[in-house]
Structures are given as structure tokens and as C-alpha cells.
Amino acid sequence: MTTIHELVKRYQGEELALPIWFEEGVLKLIDQTKLPFSEDIVTCSTVEHLAEAVRSMMIRGSGAIGICGAYGLYLAAYVSDGDPDEIKQAGKLLKSTRPTAVNLMKTVDEMVEAINGTGQDLVEGMEQKTVEILERQLAFEYELGKHGAALIEDGDTIMTHCHSGALGGAGYGGRALSVIRTAHEQGKNIHVITCETRPYLQGARITAYELKKFGIPHTLITDNMSGFCMNTGRVDKIVVGSDRVSANGDLANKVGTYMHALAAKENGIPFYTATSSHTIDFDTESGEDIEVEMRDSSEVTEIKGVKIAPEGTAALYPSFDITPNHLISGIITEKGVITAPFTDNLQTVDPKLNKIPQ
């Protein structure tokens with residue numbers, strides 16, 4: 001059996017950018033709000049600390065948040081000496097932090113279900129389940145990267161939005177950047193246009209940081225330049241991440257994704273989302289049923305505590321928007337690229353149906 005200590009040590013020896021890891025009885029994570037100018041490491045000794053880190057977006061991204069679900073429940077087991085009630089309470093707390101992130105919900109539920117099925121010491125059982133989830137998440141990134149890279153041609157310019165990369169995933173490339181990184185490592189001559197992504201500027205701060213780290217040529221644009229870039233022939237394909245995909249293929253992703261998809265459709269540019277099958281919510285029929293997280297208006301009226309609007313200005317911040325499936329060219333998963341009709345074809349990756357995609 002592989003311990004978390006052994007797994008983390010192995011991962012740290014590979015070319016991975018780990019967003020969070022377990023070390024000497026505590027969780028440590030990169031504070032993504034401080035990137036790219038400072039690589040601060042935050043220590044979380046309790047699940048309450050971890051929940052606040054997720055809520056405040058110190059750690060974010062669908063894959064990384066899912067990993068928090070596994071690590072958080074293992075931490076609860078570790079500090080409570082295997083108290084099932086403490087573990088379940090930790091799960092409820094973590095699920096309350098980011099309601100749109102289905103990966104977090106599913107991972108917490110999977111960890112809770114494992115409480116009664118470990119057949120061994122509960123702390124050890126939670127550790128083994130966490131190791132299983134971490135290894136699976138990373139394997140997803142490698143596999144969806146291969147499937148997505150097959151869509152990328154030598155010489156392509158790829159636009160992406162927000163940050164769906166290593167620090168938002170398990171350490172290789174998350175969702176969208178797994179596709180881009182794999183294509184780059186295959187030797188394809190590609191260029192990336194990254195949208196800055198207001199109001200948290202994840203594209204400017206973190207995507208550009210990772211593209212530089214991995215040696216991938218890139219150009220930064222403001223969000224409202226994407227239509228210009230598409231209309232003037234500067235974009236060949238668009239690849240974004242996903243926080244939730246409904247059963248009919250509607251996509252919940254960082255707000256702004258929908259307008260990029262509309263412009264892509266108008267200009268005949270393929271628009272893809274990269275995700276894992278774990279992020280597809282087969283219990284949610286369409287995007288209309290997805291709860292969109294509304295965040296504090298101060299995140300729009302301020303940047304790092306500096307006001308950019310007159311005092312008393314009202315502001316709106318839906319953290320995500322919904323892109324309807326008819327605007328999506330394909331959904332890249334670890335099982336392959338799913339195309340329309342999504343309601344039928346997504347069933348090939350539904351674990352409940354035990355079907356294997358052809």
C-alpha cells in the first residue's frame with residue numbers, strides 16, 4: 001500500500017506543480033491569490049482552515065477543489081483519530097464552500113461512503129482512499145491531455161479563459177492546460193492566447209505563470225478583446241476548463257466563457273471544454289439546474305483591496321456562467337472526446353451505466 005507521504009514524495013520528484021499536499025500532519029497549499037509575484041505556502045492544520053482557503057480562493061480550480069475534498073476528510077480522520085462523525089461534519093463544511101463545483105461534492109461523497117467500507121483502521125482507510133483519488137485525478141489529466149492534444153494541429157493558436165491548469169488540478173495541467181501542455185510536449189508549434197479573466201485575473205496571474213513555467217509561448221489579452229482576436233483570424237481553437245457539465249452537455253465555467261463561445265460560433269472557431277468524467281453531473285439535467293455561485297460585490301469594486309469604483313457602487317459577481325451545449329464542439333475527457341448529441345453520447349462515460357466508449 002502506498003502512503004500519502006510516499007505519494008507526495010514521488011510527485012514532488014516529478015515535473016508537477018502541486019496545489020496542495022500533506023506534510024507532517026498538516027496540509028500545505030500554494031496561496032493562489034498571491035501568484036505570480038509570491039509563492040506563499042499556507043498551512044492548514046484543521047478542516048476549518050482548509051474550508052476558508054477554498055472559500056477565499058487561496059486554492060481553486062475544479063480538480064484542486066476536488067482534491068481538497070479528499071485531503072480534507074483525511075485530515076479530519078487524522079486529527080480526530082478516526083471519529084466518523086467528525087469526518088462527516090468536515091464533509092458538510094467543505095461542500096458548503098463552493099456550491100457550483102461538482103467535483104468537490106462527488107469527492108466528499110466518495111470519501112464519506114468509504115467510511116463504512118474500509119474494513120480496517122479508519123484513519124488508514126481514509127488515507128488509502130485519498131491516495132486512490134489523488135492517483136486517479138492525475139491519471140485523468142494525462143489521459144485527457146492525450147485525447148485533447150489530438151485535436152491540436154502544428155501551428156495552432158489556442159485561446160483559453162481563466163485558469164484550468166496544474167495548480168487548479170492535480171499538478172500536471174488540470175483540464176485545459178493538460179491539453180495545451182501535452183500538445184507542446186509532443187513538439188507541436190503552438191501559441192496560447194490567455195484572457196486575463198476579471199475580477200480575480202486568474203488568466204493574467206496564474207495561467208500566464210504556468211505557461212511561462214512550462215515554456216509555452218503565449219500572449220495575454222483582456223477579456224473584451226477575444227471577439228477581435230477571433231474575427232481577425234488570430235485564434236484557431238478555444239479550449240477552456242469546466243466546473244460542472246450537465247447531463248445534456250451544458251457547461252458551467254468561469255464567467256465570461258459564454259461570451260467567448262458565442263464569438264467562436266459566429267466566427268466558425270471550434271470551442272472545446274476539457275474535463276474529467278468526474279466533473280460531469282449526470283444528476284443535473286441541464287445548465288438551467290446548475291446553481292451559480294454569487295460572490296461578494298467587493299471582488300468587482302476592488303482589486304487586492306484597492307477600490308476601482310466610487311464608494312457605494314453596486315456590483316454583480318456571478319462566479320460562473322452557463323454555456324449551452326449547441327455552442328460546444330466537443331467535451332474532452334479522459335475517455336475520449338465527446339461530441340453531439342451530448343445527451344446520448346455523454347452516457348458512454350456515465351459510471352452508473354458501466355459502458356465503455358468505442
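Described in the following lines is the structure provided in the data block.

Procedures and definitions
- Residues numbered from 1 in each chain as written.
- Predicted model: local features only at pLDDT ≥ 70, side-chain atom pairs only at ≥ 80, totals over all residues.
- Heavy atoms only, no water.
- Helix = DSSP H or I, 4+ residues; strand = E, 2+ residues; numbered from the N terminus.
- Expected span 1.5 Å × (residues − 1).
- Buried < 20%, exposed > 50% of the residue type's maximum accessible area, 1.4 Å probe, protein only.
- Phe/Tyr/Trp six-rings, centres within 6.5 Å; stacked < 30°, edge-to-face > 60°.
- Lys NZ or Arg CZ within 6 Å of the ring centre and 35° of its normal.
- Axes fitted to C-alpha atoms, helices over the stretch in contact; angles between N-to-C directions.
- Parallel < 35°, antiparallel > 145°, perpendicular 65-115°, else oblique.
- Left-handed = near helix turned anticlockwise from the far one by under 90°.
- Contact = heavy atoms within 4.5 Å.
- 1 Å grid on protein atoms, 1.4 Å probe; cavity = no way out; pocket = protein on both sides within 12 Å on 5 of 7 lines; lining within 4 Å.
- Points joined across faces, edges and corners; volume = space filled by probe spheres on them.
- Nonpolar A, V, L, I, M, F, W, Y, C, P; charged D, E, K, R; others polar.

Re helix α5 (residues 102-113)
In step 1: With 12 residues, α5 should cover 16 Å at 1.5 Å per step; its first-to-last C-alpha distance of 16 Å lies within 8% of that length.
In step 2: Every buried residue of α5 is accounted for by Val102, Asn103, Leu104, Met105, Thr107, Val108, Glu110 and Met111.

Section: the packing of aromatic side chains
In step 1: Tallying each qualifying case throughout the model produces four aromatic pairs.
In step 2: With a centroid separation of 5.4 Å and an interplanar angle of 80 degrees, the aromatic rings of phenylalanine 22 and tyrosine 78 are classed as edge-to-face. Here phenylalanine 22 is found in strand β1 (residues 20-23), whereas its partner tyrosine 78 is found in helix α3 (residues 62-79), with 56 residues between them in sequence.
In step 3: Under the relative-accessibility criterion, phenylalanine 22 is labelled buried at 10%.
In step 4: The rings of Phe22, Tyr74 and Tyr78 are connected pair by pair, giving a single aromatic cluster.
In step 5: Of note, arginine 181 hangs over the ring of phenylalanine 214, and the distance from its end group to the ring centre comes to 4.0 Å.
In step 6: Over the aromatic face of phenylalanine 320 sits the side chain of lysine 254, whose NZ or CZ is 5.3 Å from the ring centroid.

Brief notes about the packing of helix α6 (residues 122-149) against helix α7 (residues 176-185)
In step 1: Packing of α6 against α7 brings their axes to within 7 Å, and their N-to-C directions diverge by 65 degrees. Classed by the angle they form, the pair α6 and α7 counts as roughly perpendicular. In this structure, α6 meets α7 at a crossing whose hand is right-handed. Residue-level inspection shows Glu141, Leu144, Gly145, Lys146, Gly148 and Ala149 of α6 in contact with α7, the latter providing Ser178, Val179, Thr182 and Ala183.

Some points on the layout of surface pockets
The rolling of a water-molecule-sized probe over the atoms marks out the regions of remaining empty space.
In step 1: In this model, the second largest pocket occupies a volume close to 230 Å³.
In step 2: Lining the second largest pocket are Thr33, Pro199, Tyr200, Leu201, Arg205, Ser298, Glu299, Glu302, Ile303, Lys304 and Gly305.
In step 3: Within the residue set of the lining of the second largest pocket, elements represented by two or more residues are α11 (298-301) and β12 (302-303).
In step 4: Of the residues assigned to the lining of the second largest pocket, the class counts are four nonpolar, three polar and four charged.

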